[in-house]
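Notes for the structure review
Chain residues, written in single-letter form:
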Amino acid sequence: MNKNMLALHYVKVSIRQLLKHKSQTCISILGIVAGLFCFSVCSYYNRVMRFGDKAFSTYERLAEIKEKGVPYQLNIQGSDIDKIGPESFEAVAFWRNMKDNLFLDETNYCRVGITLCNPDYFNVFPTHCVEGSLESFVMQGNKIVVTTEFVKKYLANKSPLGTSLTYGKGKAYEIAAVIEPYPVGMRDFIDIYEVFLPLENLQEYCSHTLLLKNSDDAAHLTKRLQQGNFFRTDRAKIVPEVTLASEEGAQYGMDFWVAVIGLFILLAGMINFFSFSFGSFVNRYREFNLRFTLGEKKRGLFVMLLIEQSLMISMAGLLTLALIEGLLPYLFSISPSDIRDQLTIDNESLVRYAIQYTVWLLIIAVILITCSIWYIRRQIRAWGLRQKVMVGHKHLMQNVLLVVQLFFSFLFIMATVAVQLQVKENDRQANPRLSMDEKKNIMVLNVRSTPPLQDEMQVFLGYLRSRPWCYKLGYIGCDWVIYSSFTEINLVSDDYFDVMNIEKKHRAGESFCYVNEALMKTVENDSLSNAKFHYKDGNQDVYYPVTGTIAMKSESMSASQLCLLPFSDDMKIEKIFVRLAENASRSQVLADMKKEMSKYLPVNEPFQYVSLYDEQVGGGLRVLSGLFMICSLICAIIAALGIYGVIYIDTSRRQKEVAIRKINGARLTAIYWLFGKKYLWIYSISSLISVIGCLFIFILGNRYRIIQFDYTNPFLWIIPLVLVAGVVLFTVSWKIYRIAQLNPADIIKSE
């Protein structure tokens, strides 16, 4: 038989084998698809954060000036760089990133990612200039640079050169150049910045990056900086150090842990896939033995098994790519705009990563096949056609892998419940006087960054009060944090107390000062304050007599103390709280607000209803909660598929035994126990390991104040145990019931 015929024979045998065991094939492929898709998405952010800067040709020469032993940049100015001397480096980029409004014409504006930078920015971070020239981009100039994505979104994809845009206090800028977008993850930023404006001056503190002439110059420049006194600081002595971007250690942030979560899902899918694969190899023990007897070489068997595994992994990879191209854009399209902005994904990069992971799975499959052939060959030499020992090893491996799969399921369900408890605790601390339903019935309008609305604020407030669905309305003028004392100050209207169910201890029009319990303790411990809240406004000391205490938590993560002071008419309103009437139609509220807010909002930010509950919970916890919920569902499905595959093989192999037991009078409960006792042990072992592991994590998290909820809550433990038990019980009992209902005569006849 020539090589072509032999290869065709192996392909036919592989396809026939896959079609013969359709259930196992589908379960294996679906498990890999679920794991591969989840891991590709979850690991995407970790990869772009690690490799964003590596796309630049200047990467090896990029450096920052830091304080020795501190992972953050030193705050330096342009004048500091002038002291060092330009001969020490090729260029230095100063920049500051932000999300801000940019007016396209007199009435329309968009909220985009803006980078204020100096001209050297484009030398330090080189990019392809598609149209125009970067030479006209100068400090304090009126020329700006935009990306091709900005042109596509807001300028109808036409040549934008010479187009005038307005930013800040009415200053007009002219587009001088169009560049390719910078890579996601550049400088550890997931946000995309599409407009580049010139810095007004370099005396403001900005982020910086040096472009050295040679990477070896970092050590010489560090020595020079440490010998001189180049930087202004309040501290007596700092030790500067020049750190190359290529030598910076990995910073393990949230993106890393999300990637770990995705890896767990992929492991669950891989365990399911390779468990079935190894079981399939062992079940074909006699076939392989016969092939070896007839002169089959190990190489031929390797090729045949590799084709089988490659077909399944390739199909799984193609299905994953289809989900990335089809399902993922849809999921993003229905997500809230704030979440879409935080979770920007480049589909092209994601597809490339998914293909890489598929190749790695093929490599792992090669290793598995090699080990399996070696193991089978060794067993054949030792035991001949006696398959009992191998079957025992197969069942032991499958049972261990099922324990691991159930452990992952329990872990993610536990995490989902834990996040929900954390959300409840955050909600309770934020304002215990309002129930969850009441908070969901309070609409929050953040109008801080809507200039057209600020000009017509009184008209807009009148419109809100005139609506039949508006029951109460209050607002905050401004809020800021005094970082030195960890105190957040909110300037609020009188009606704010009614909206938030806060008991008022002052009369209308009177000055007031309400503090939370944490700030009250500080006031009481301050012997000089005489029960007054005291802070510095510039060089002036300001004192407010405390009117009462409030059970509220600060919104800022960097402040534990909260103070409410009176709003004055000369301030700008930055946040409006509208308490809806009890019988208000949410659809009517949305329709009215969309119509009215379309006059004021940016063209790229349509109105979305945000409740007080959503704002207090925060987008991060909502994303985390959704992520864990999806992962729990995927892990439960993979575990159910794995259990179904094992019980399917188990019941099929023991059909004759079941028939004989039924003939001898065995009841349904006896057949259930015959098969179910093994899965009861598997469930018990996985639950015990999961409970011990989770308890250790919760105790550790509580010690470092990461976990704030009560982990002794019985529902935290009961819900995951019941849900995992339900998955096992439903999957096992359904298949056992099917096998128990078969006619014993038909089974024995077929045997």
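Residues numbered from 1 in each chain as written. Predicted model: local features only at pLDDT ≥ 70, side-chain atom pairs only at ≥ 80, totals over all residues. Heavy atoms only, no water.

1. Re the overall build of the protein
In terms of regular secondary structure, the protein is built from 24 helices and 19 strands. By the burial criterion, 48% of the 751 residues in the protein qualify as buried. Residue pairs at least 24 apart in sequence account for 79% of intrachain contacts in the protein once pairs closer than 6 positions are excluded. Of the accessible surface of the protein, which amounts to about 38,300 Å², a share of 58% is contributed by carbon and sulfur atoms. (Helix = DSSP H or I, 4+ residues; strand = E, 2+ residues; numbered from the N terminus. Buried < 20%, exposed > 50% of the residue type's maximum accessible area, 1.4 Å probe, protein only. Contact = heavy atoms within 4.5 Å. Areas by Shrake-Rupley, 256 points an atom, 1.4 Å probe, with all protein chains shown as cover.)

2. Remarks on the packing of aromatic side chains
According to the stated counting rule, one finds 24 aromatic pairs in the structure shown. Taking 6.1 Å as the distance between ring centres and 65° as the angle between the ring planes, the aromatic pair formed by Trp95 and Tyr121 counts as edge-to-face. With Trp95 in strand 2 (residues 91-103) and Tyr121 in helix 4 (residues 121-124), this residue pair connects regions lying 26 residues apart in the sequence. For the pair shown, Trp95 and Tyr121 are each scored as buried. By way of ring pairs, the aromatic residues Phe56, Trp95, Tyr121, Phe122, Phe125, Phe137, Tyr182 and Phe196 are connected into one cluster. When the ring centre of Tyr613 is taken as origin, the NZ or CZ atom of Lys440, which lies over that ring, is 5.0 Å away. In this structure, Arg586 is placed above the aromatic ring of Tyr609, and the distance from its NZ or CZ to the ring centre is 4.3 Å. (Phe/Tyr/Trp six-rings, centres within 6.5 Å; stacked < 30°, edge-to-face > 60°. Lys NZ or Arg CZ within 6 Å of the ring centre and 35° of its normal.)

3. Focus on the nonpolar core
Grouped together as the largest cluster of nonpolar side chains are 38 residues, with contacts concentrated most on Phe150, Val195 and Leu210. Phe410, Tyr679, Phe698 and Val724 belong to the second-largest nonpolar core, a separate cluster that totals 31 residues. (Core = buried A, V, L, I, M, F, W, Y, C linked by side-chain atoms within 4.5 Å.)

4. Observations regarding the confidence of the model for the protein
Model confidence for the protein is summarised by a mean pLDDT of 80, while 85% of its residues fall at 70 or above. Predicted confidence is poor over residues 387-392, with pLDDT under 50, and the contacts of this stretch with residues over four places away or in other chains come to 12 contacts. (pLDDT = per-residue confidence, 0-100.)

5. Quick word on the packing of helix 15 (residues 457-466) against helix 18 (residues 586-597)
At their nearest, the axes of helix 15 and helix 18 sit 12 Å apart, and the two run at 165° to each other. When the interaxial angle is binned, helix 15 and helix 18 end up roughly antiparallel. Pair helix 15 / helix 18 crosses with right-handed handedness. Contact residues: Phe460, Tyr463 and Leu464 in helix 15; Asp592, Met593, Glu596 and Met597 in helix 18. Of the residues in the contact of helix 15 with helix 18, the class split is five nonpolar, no polar and two charged. (Axes fitted to C-alpha atoms, helices over the stretch in contact; angles between N-to-C directions. Parallel < 35°, antiparallel > 145°, perpendicular 65-115°, else oblique. Left-handed = near helix turned anticlockwise from the far one by under 90°. Nonpolar A, V, L, I, M, F, W, Y, C, P; charged D, E, K, R; others polar.)

6. Details of the packing of helix 21 (residues 655-663) against helix 22 (residues 668-703)
At a closest axis distance of 10 Å, the pairing of helix 21 and helix 22 adopts a crossing angle of 150°. In terms of axis orientation, helix 21 runs roughly antiparallel to helix 22. Judged by the twist between their axes, the crossing of helix 21 over helix 22 is right-handed. Across the interface between the two elements, Glu657, Val658, Arg661 and Lys662 from helix 21 touch Ile671, Leu674 and Phe675 from helix 22. Here the contact of helix 21 with helix 22 is composed, by residue class, of four nonpolar, no polar and three charged.

7. Focus: helix 15
Restricting attention to buried positions, one finds in helix 15 the residues Met457, Phe460, Leu461, Tyr463 and Leu464. End-on view of helix 15: buried residues confined to an arc of 155°, all on one side of the axis. Summarising the geometry of helix 15, the exposed residues directed more than 90 degrees from the buried face are Gln458 and Val459. (Arc of directions from axis to C-beta.)

8. Remarks on the pairing of strand 19 (residues 575-580)
Extensive coverage of strand 19 is indicated by the burial of six of its six residues. In terms of strand pairing, strand 11 (residues 442-446) meets strand 19 through five bridges, oriented antiparallel. By the bridge assignment, Val444 is partnered in strand 19 with Phe577. (Pairing = 2+ DSSP bridges.)

9. Details of the pairing of strand 13 (residues 487-492)
For strand 13, the tally of buried residues reaches six of six residues, placing the bulk of the element in the interior. Covered by surrounding structure in strand 13 are Thr487, Ile489 and Leu491 together with Glu488, Asn490 and Val492, the residues of both alternating faces. For strand 13 and strand 18 (residues 561-566), the ladder comprises six bridges, and the chain directions are parallel. Pairing of Ile489 across the sheet is with Cys563, part of strand 18.

10. Looking at helix 23 (residues 714-740)
Across its 27 residues, helix 23 extends 37 Å between first and last C-alpha, which sits within 8% of the 39 Å expected from 1.5 Å per residue. Every buried residue belonging to helix 23 is among Leu716, Trp717, Pro720, Val724, Val728, Thr731, Val732, Lys735, Ile736, Ile739 and Ala740, and all of these are buried. Where helix 23 begins, the capping side chain belongs to Asn713, and its oxygen is found 3.0 Å from the backbone nitrogen of Phe715. (Expected span 1.5 Å × (residues − 1). Polar contact = N/O pair within 3.5 Å; in protein donor to acceptor, adjacent residues only side chain to side chain.)

11. Focus: unusual backbone geometry
At Ala156, a position not held by glycine, the phi torsion is positive, near 55°. Not every positive phi belongs to a glycine, and Asn501 is a case in point at roughly 60°. Tracing the backbone through its elements, the reader meets Asn501 in the loop between helix 16 (495-499) and strand 14 (514-516).

12. Brief notes about the environment of Leu445
Along the polypeptide, Leu445 turns up in strand 11. Residues Leu445 and Val610, spaced 165 residues apart in sequence, show a C-alpha to C-alpha distance of 7.4 Å. Here Leu445 is in contact with Phe460, Leu464, Glu574, Lys575, Ile576, Met593 and Phe607, once residues within four sequence places are set aside.

13. Comments concerning the environment of Asp346
Mapping Asp346 onto the fold places it in the loop between helix 10 (337-342) and helix 11 (347-383). The spacing of Asp346 and Tyr44 is 302 residues in sequence and 9.1 Å in space, taken between C-alpha atoms.

14. Details of the side chain of Ser493
Along the polypeptide, Ser493 turns up in the loop between strand 13 and helix 16. With residues up to four places along the chain from it excluded, the contact list for Ser493 reads Gly474, Tyr475 and Phe567.

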